[in-house]
Number of protein chains: 2
Amino acid sequence: MSVFTTVTPDDLAPFLKRYYIGQLVDLKGIAAGITNTNYFVTTTHGRYVLTLFEALQSSDLPYYVNLTAHLAHHGIAVAAPIANIDDQYTDTLNGRPTLLVPCLPGTVVDEPNVAQCAQVGEMLAQMHLASRSYPAHMPNPRGVQWWADTAAEVMQYLDADTAARLQAEVDLQLRQDYTTLPQGVIHADLFRDNVLLDGDRIGGFIDFYYACNDALLYDLAIALNDWCREEDGDIDRARAEAMLQAYQSVRPLETAEFAAWPVILRGAALRFWTSRLLDFYKPATGEMTYAKDPTQYERVITHHAQRQDFWLTPAPV
Amino acid sequence: MSVFTTVTPDDLAPFLKRYYIGQLVDLKGIAAGITNTNYFVTTTHGRYVLTLFEALQSSDLPYYVNLTAHLAHHGIAVAAPIANIDDQYTDTLNGRPTLLVPCLPGTVVDEPNVAQCAQVGEMLAQMHLASRSYPAHMPNPRGVQWWADTAAEVMQYLDADTAARLQAEVDLQLRQDYTTLPQGVIHADLFRDNVLLDGDRIGGFIDFYYACNDALLYDLAIALNDWCREEDGDIDRARAEAMLQAYQSVRPLETAEFAAWPVILRGAALRFWTSRLLDFYKPATGEMTYAKDPTQYERVITHHAQRQDFWLTPAPV
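For chain A, the name recorded in an unreviewed UniProt entry is Homoserine kinase, with Amantichitinum ursilacus as its organism. Here is the UniProt Catalytic activity (unreviewed entry) comment for chain A, exactly as written: "L-homoserine + ATP = O-phospho-L-homoserine + ADP + H(+)".

## Focus: the overall build of chain A
Tallying secondary structure elements over chain A gives nine helices and nine strands in all. Relative to the globule expectation of 20 Å for 317 residues, the C-alpha radius of gyration of chain A, 20 Å, shows essentially globular dimensions. Relative to its 317 residues, chain A shows a buried fraction of 56%. The long-range share in chain A, meaning contacts at least 24 apart out of those at least 6 apart in sequence, stands at 72%. In the structure as shown, chain A presents an accessible area of about 13300 Å², 52% of it carried by carbon and sulfur atoms.

## Examining a nonpolar patch on the surface
Residues and elements named next belong to chain A. Among the surface-exposed residues, Tyr157, Phe280 and Tyr281 lie close enough to one another that they form a single nonpolar patch of about 280 Å² accessible area. Summarising the element assignment, Tyr157 is placed in the loop between helix H4 (144-154) and helix H5 (160-174). Looking at Tyr157, the relative accessible area reads 35%, which means it is partly exposed.

## Let's talk about the packing of helix H4 (residues 144-154) of chain B against helix H5 (residues 160-174) of chain B
All names here are of chain B. Contact geometry of H4 with H5 gives a least axis separation of 10 Å together with a crossing angle of 160 degrees. For the element pair H4 / H5, the angle class is roughly antiparallel. Classified by chirality, the crossing of H5 by H4 is left-handed. Facing H4, whose interface residues are Val144, Gln145, Trp147, Ala148, Ala151 and Val154, H5 presents Leu166, Val170, Gln173 and Leu174. When its residues are assigned to classes, the contact of H4 with H5 shows eight nonpolar, two polar and no charged.

## What about the pattern of salt bridges?
As enumerated under the stated definition, the model contains 30 salt bridges over all chains in all. The partner of A:Asp236 in a salt bridge is A:Arg239, and the shortest N-O contact between them spans 3.1 Å. We note that A:Asp236, like A:Arg239, is buried. Between B:Asp234 and B:Arg307 there is a salt bridge, with its nearest N and O atoms 3.0 Å apart. Of the two residues, B:Asp234 is situated in the loop between helix H6 (216-227) and helix H7 (237-250) and B:Arg307 in the segment after helix H9 (295-306); the sequence distance between them amounts to 73 residues. For B:Asp234, a relative accessible area of 24% puts it in the partly exposed group. B:Arg307 gets classed as buried once you look at its relative accessible area, which sits at 15%. Several salt bridges share partner residues, and in doing so they unite A:Arg18, A:Asp86 and A:Asp91 into one network.

## Overview of the interface of chain B and chain A
Interfaces are often described in size by the accessible area the parts lose on coming together. Counting residues at the interface gives 33 residues for chain B, matched by 33 residues for chain A. Summed over both sides, the interface between chain B and chain A buries roughly 2500 Å², with carbon and sulfur atoms accounting for 42% of that surface. The largest contributions to the chain B side of the interface with chain A come from B:Tyr20, B:His45 and B:His73, which together make up 28% of the buried area. Summed over the shared surface of chain B and chain A, the result is 18 residue pairs in polar contact (both at pLDDT 80 or more). Listing elements by their share of the side of chain B that touches chain A, those giving two or more residues are helix H2 (61-73), helix H3 (114-130) and H7 of chain B. Per-element accounting of the side of chain B that touches chain A gives the leading share, six residues, to H3(B). A class-by-class count of the residues in the side of chain B that touches chain A yields 14 nonpolar, 15 polar and four charged.

Thresholds, definitions, all that
Residues numbered from 1 in each chain as written. Chains lettered and ligands numbered in written order. Predicted model: local features only at pLDDT ≥ 70, side-chain atom pairs only at ≥ 80, totals over all residues. Heavy atoms only, no water. UniProt positions renumbered as here; feature names shortened; annotations may be inferred. Helix = DSSP H or I, 4+ residues; strand = E, 2+ residues; numbered from the N terminus. Rg over C-alpha atoms; globule rule 2.2 N^0.38 Å. Buried < 20%, exposed > 50% of the residue type's maximum accessible area, 1.4 Å probe, protein only. Contact = heavy atoms within 4.5 Å. Areas by Shrake-Rupley, 256 points an atom, 1.4 Å probe, with all protein chains shown as cover. Patch = residues over 30% accessible without salt bridge, like charges linked within 9 Å, V, L, I, M, F, W, Y side chains within 5 Å. Salt bridge = Lys/Arg side-chain N within 4 Å of Asp/Glu carboxyl O. Axes fitted to C-alpha atoms, helices over the stretch in contact; angles between N-to-C directions. Parallel < 35°, antiparallel > 145°, perpendicular 65-115°, else oblique. Left-handed = near helix turned anticlockwise from the far one by under 90°. Nonpolar A, V, L, I, M, F, W, Y, C, P; charged D, E, K, R; others polar. Buried area = accessible area lost by both parts, 1.4 Å probe. Polar contact = N/O pair within 3.5 Å; in protein donor to acceptor, adjacent residues only side chain to side chain.

So, in structure tokens, the structure goes:
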């Protein structure tokens, strides 16, 4: 259930008077999402998504909201936030900070094809370039140190072999310095369920609430680990090549990024291995049903560690 | 022909590198429009309209461009301009100032129904409200004095009866003071061909290049004179009532506006009677084929002058 705060048409009517989007026709809670409350709002003008923020700090909201406005302003496929009568993107409803955006075309695709992975890679690169002129900055709250801290927190629940493998991965990542790679704004959670696809075309990237400033290559690794992953945690070569080639058609990787690629792929997997372990062994109240299988990303790392070929063509110079 | 400046794919490729909208797939000149050059640009991301401004002063562009950005920012159905790599909405191609916007859904409807007229009225009112916070200001270059000057310029070509009727209308309008009515940003040319309709829903208002600051009621009169007009220049009651009621559901008219309504309807018609007379008798080079029948708006005025009922309910208090 993703409706934590109930909104009735009677609650919404005075709220909508603060916007220029027509009269309410229909209101429906959205079941997806585990952090915020979301409603489909249909008006005489069209269909919108209303978000009520349940957990985010109000002070963090401008980073995410202005980022999507900035990206939309540059034509990146994201839902542009709609400003209210006071020219503000965020408002308040039933005691929660809110955001109103238009519905984007497309749906979530569970089994993406090669063309779709290419489109995601291409749009991600465009997003990375378009956000270079975004002035705000937020350090990654879930960077390498968070992986290490989280691993330490769950270590007690793991069998000895798994614990050793986890510790070895943490140690490997702590030895890296990704700050020397090209930095910028990253989505940091560009999984299949955060992209709407309209056929092979990107309807939109959604859910920017993990966005932050970090190595761009890390964002690409997160996306590839999900979009090109097989059930067993291995990576599908055709999809990976397509995604990387499309990404590089917009932003060619630098030599240092070629060198970092095999290890940052494991770092991007470790990010979700540790967070899923945490969700599994120490779930926050009410989030039990959303704990995803942590071993999925353990398997991704195992495959990456044995890999000889990382689908990068052309080879680094 | 609306392609005054030719653009080839080779011209466009380096230009598109200054945007984040994907790679060029197709380029096609648009036949509609009489002032600027327009192309449909299809990229891997979607479909866009590229405008090359042929006549507008570059110094005037920010008023129009920032206005559509402001309206889009508030969720009004307009094509939001796309910013380039330098965060600018306008760029240059083949020596012309340019603008790039996404294609809007919908098509031009030649014979609008009652529901469509209501939607146009409602969105127009929302547009009027949303632009209250738009900071720029441009006086109407085609206000009452322009009607008078233009009438004087074409008077010599008219038969005595028509000339007398035109002069009487000009004199009537010169006696009015519309500056005491609620003022704001108006579209000033919201004819059927400047609205895209997606079924009964507004896909978007387009072509804001006559937009300026003037009496809001004048904008409504221009729209009604076109959207609700029959072939013979009379107004269709059902469409007029629907448009006015929908407009007033968002912005109820004030007492002074009720009083001004019968005469401003004639002013809004005089605006196009005079400009069409000018286009007809003194066409600009190359615009001959676009001269529209001036007598159409003469007939609108004749009907308005004989009318007892101006479709306004509730009646003014």
